[in-house]
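# A look at the structure
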Amino acid sequence: MNLRFQVTAVLLILLAIVQLLWIFKMPQALRRTSDSQESSQTQNAGILKPQQVFLTLGGQDSGSYARLTFAEDSFESLYGSAFDLLQTLAPQLTFEKHEAGDLPWQRAQVILSYSYAVGRDAVNSQLGTDIDGSYNEIWIVPSLSEDQQAQICFYNSYNGACLIGTGSRGMTAQDRALAQTLLETGIDKDNRYVEMSGAFPDAFSEGMTFLPEVSQHETMLRGSAVSAFLDDEKKEDPSRMDRYAMQFFRSPATVTRQEVDQGILYSNEKISLLVDPEGRMEFVETLTDEEKESVTVDKAYRKAVSFLKEDMARSEVSRQTGVYLSVDLADYRENKDGSYTFYFNYRINGYRVRMESSKAVLWDMDYPAAVTVQGQKVRSCQRLVLNVVMDTEKDYTVAENWLDAADWLSKKWTLTTPPELVYYISAGSLIPEWEADTEQGRTWFSASLQ
């Protein structure tokens, strides 16, 4: 009876939203121009791009939320619509402190969820706001009628800090666009990844109850990831190391090449570059006082991403049809000297890549890439340079769905984050794993591919 009531309530809410969309002729108002698409692509490159997005159509006592990850096609469209409203509305609002219970749990909304707490400088530099504190969730609540007020909420699920800003009554073009995307995505995700006791990750704990999981299972590729400085027989190739390293220097004739215990060291008066045959690179540039001028965290982040993309283009990473290699921000910190260090994960077709455990310990690297930016320059970079080869002949279906993984892991550990499909590097192979953070630490088990 309880499930029947919940489903009926959701259907009634969907009908109400459809009526609103019809009244305000939303589809006609939402024809996007090439300019707006280009704008969204620019925004999506910012430091506020989340690791996952949650959505709800509202109407439950505590909300029921569907989860979207990088790997899902609808992720970009929902995030783009939500960020358009966030960037337009947030600078206009005055934010006041509230309790977590004051959050708009029952309204249709999108939640941007981060694996780290985003600091005030990152939020203010990209959104033009003036808020204090750090937050790992941003709640974006559109207006669905002329009598309703849109809201933006910043929430820290680790310490309960909460800021809420409320706009004036009425629907803007951004409200209509987000409502339309919410409706389309919500219908498509009906009963997918749905949890009934609140938003993730704060409510991801013992005692949660789920609606039936009816989603299709995810598909992944098989493949390998080895050092880009090895030849086809997996042996050290100094010529590849030289070819890669010399692209960092404007005048190769001024470069000193020295073999050391860790690999090969290339240097001149300005730049030092260590290349390890196992795939590690360490880049350090000596900056002048003028180059150390202050920079905002958002500009520093863009510089770090640009450096990584150029560096990945230098390395001999396989370029295959149907294989998309990218990076996403895993964490960052502000250093005492005014510089910023950004930590990145690699992703293959949206799935995060975890380093081989032995290399992570040996090289003291929690993430496969770390970039420090000071002023307008990259001061240092350390990353794992990989040659990735995927078998694109066949997509393999993951036997377990997200709910299976959550149920199995919850029997042994107290989860603090939802499970996620990742690739682990093990002896050069890419092994699909279900991974989650728990109160006892990170845990995982192998995903079964059919």
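As the structure is a prediction and not an experimental result, all values here were calculated from the model. (Residues numbered from 1 in each chain as written. Predicted model: local features only at pLDDT ≥ 70, side-chain atom pairs only at ≥ 80, totals over all residues. Heavy atoms only, no water.)

### Thoughts on the overall build of the protein chain
A tally of helices and strands in the protein chain yields 10 helices and 21 strands. Here the protein chain, with 450 residues, has 55% of them falling under the buried criterion. For the protein chain, the share of sequence-separated contacts (at least 6 apart) that also reach a separation of at least 24 residues comes to 66%. Carbon and sulfur atoms form 47% of the exposed surface of the protein chain, whose accessible area is close to 21,100 Å². (Helix = DSSP H or I, 4+ residues; strand = E, 2+ residues; numbered from the N terminus. Buried < 20%, exposed > 50% of the residue type's maximum accessible area, 1.4 Å probe, protein only. Contact = heavy atoms within 4.5 Å. Areas by Shrake-Rupley, 256 points an atom, 1.4 Å probe, with all protein chains shown as cover.)

### Concerning the pattern of salt bridges
For the structure shown, the criterion picks out 26 salt bridges. Among the ionic pairs, Glu146 bridges to Arg176, the shortest N-O distance being 3.5 Å. One end of the pair, Glu146, is in the loop between strand 5 (135-141) and strand 6 (149-155); the other, Arg176, is in helix 6 (residues 173-188), and 30 residues separate them in sequence. Accessibility expressed as a relative area gives 37% for Glu146, which makes it partly exposed. (Salt bridge = Lys/Arg side-chain N within 4 Å of Asp/Glu carboxyl O.)

### What to know about the sheet that holds strand 5
Whenever strands of a sheet pair, they do so through backbone hydrogen bonds, lying parallel or antiparallel. The strand order 2-1-4-5-6-7-3 describes an open sheet built from 7 strands, whose pairing is antiparallel. Each edge of the open sheet is held by one strand with a lone partner, namely strand 2 (66-69) and strand 3 (96-97). Both strand 3 and strand 7 (residues 162-169) contribute to a ladder of 2 bridges, which runs antiparallel. Bridge pairing links Lys97 to Leu163 in strand 7. (Pairing = 2+ DSSP bridges.)

### Examining helix 10 (residues 402-410)
The set of residues buried in helix 10 consists of Trp402, Leu403, Ala405, Ala406 and Leu409. Seen end-on, helix 10 carries its buried residues on one side only, within an arc spanning 160°. Residues of helix 10 that are buried make contact with strand 2, strand 20 (429-438) and strand 21 (441-446). (Arc of directions from axis to C-beta.)

### Comments concerning the pairing of strand 8 (residues 219-227)
Bridge count for strand 8 against strand 18 (residues 386-397) is 8 bridges, and the pairing is antiparallel. Directly across from Arg222, in strand 18, lies its bridge partner Asp391. Note: strand 8 against strand 20, 2 bridges, orientation antiparallel. Its bridge partner being in strand 20, Ser224 is matched across the sheet by Ser429.

### A few points about the nonpolar core
With 107 residues, the main nonpolar core has Phe154, Phe342 and Phe344 as its most contacted residues. Beyond its immediate stretch of four places on either side in the chain, Phe344 contacts Tyr301, Ala304, Val305, Leu308, Val327, Asp328, Leu329, Ala330, Tyr367, Pro368, Ala369 and Val371. One finds Leu103, Trp139, Tyr155 and Cys162 within the second-largest nonpolar core, a separate group that totals 9 residues. (Core = buried A, V, L, I, M, F, W, Y, C linked by side-chain atoms within 4.5 Å.)

### A few points about the packing of aromatic side chains
Summed over all chains, the structure comprises 21 aromatic pairs. Measuring from ring centre to ring centre gives 5.2 Å for Phe95 and Phe154, while their planes differ by 65°; the resulting arrangement is edge-to-face. Separated by 59 residues along the polypeptide, Phe95 in the loop between helix 4 (74-89) and strand 3 and Phe154 in strand 6 bring together distant segments of the chain. When the ring of Tyr116 is compared with that of Tyr332, the centres are 5.8 Å apart and the planes differ by 85°; the resulting orientation is edge-to-face. Of the two residues, Tyr116 sits in strand 4 (residues 109-118) while Tyr332 sits in strand 13 (residues 325-334), which places them 216 residues apart along the sequence. Neither residue differs from the other here; Tyr116 and Tyr332 are each classed as buried. Members of the aromatic cluster, connected to one another through ring pairs, are Tyr114, Tyr116, Tyr301, Tyr332, Tyr340, Phe342 and Phe344. When the ring centre of Tyr396 is taken as origin, the NZ or CZ atom of Arg222, which lies over that ring, is 4.6 Å away. Between the NZ or CZ atom of Arg314 and the centre of the ring of Phe248, over which it lies, the distance is 4.0 Å. (Phe/Tyr/Trp six-rings, centres within 6.5 Å; stacked < 30°, edge-to-face > 60°. Lys NZ or Arg CZ within 6 Å of the ring centre and 35° of its normal.)

### Focus on the confidence of the model for the protein chain
Residues at a pLDDT of 70 or more form 81% of the protein chain, whose mean pLDDT is 82. Predicted confidence for residues 1-5 stays below pLDDT 50, and this span has 2 contacts to residues more than four positions away or in other chains. Ignoring residues within four places in sequence, the model shows residues 190-214, a span with pLDDT below 50, making 82 contacts including any to other chains. (pLDDT = per-residue confidence, 0-100.)

### A few points about unusual backbone geometry
The backbone of Lys234 sits at a positive phi, close to 65°, despite the residue not being glycine. For Lys234, the position within the fold is in the loop between strand 8 and helix 7 (238-245). What makes Lys234 exposed here is its relative accessible area of 53%. For Asp364, which is not glycine, the phi torsion reads 55° and is therefore positive. Along the chain, the position of Asp364 falls in the loop between helix 9 (357-362) and strand 16 (369-374).

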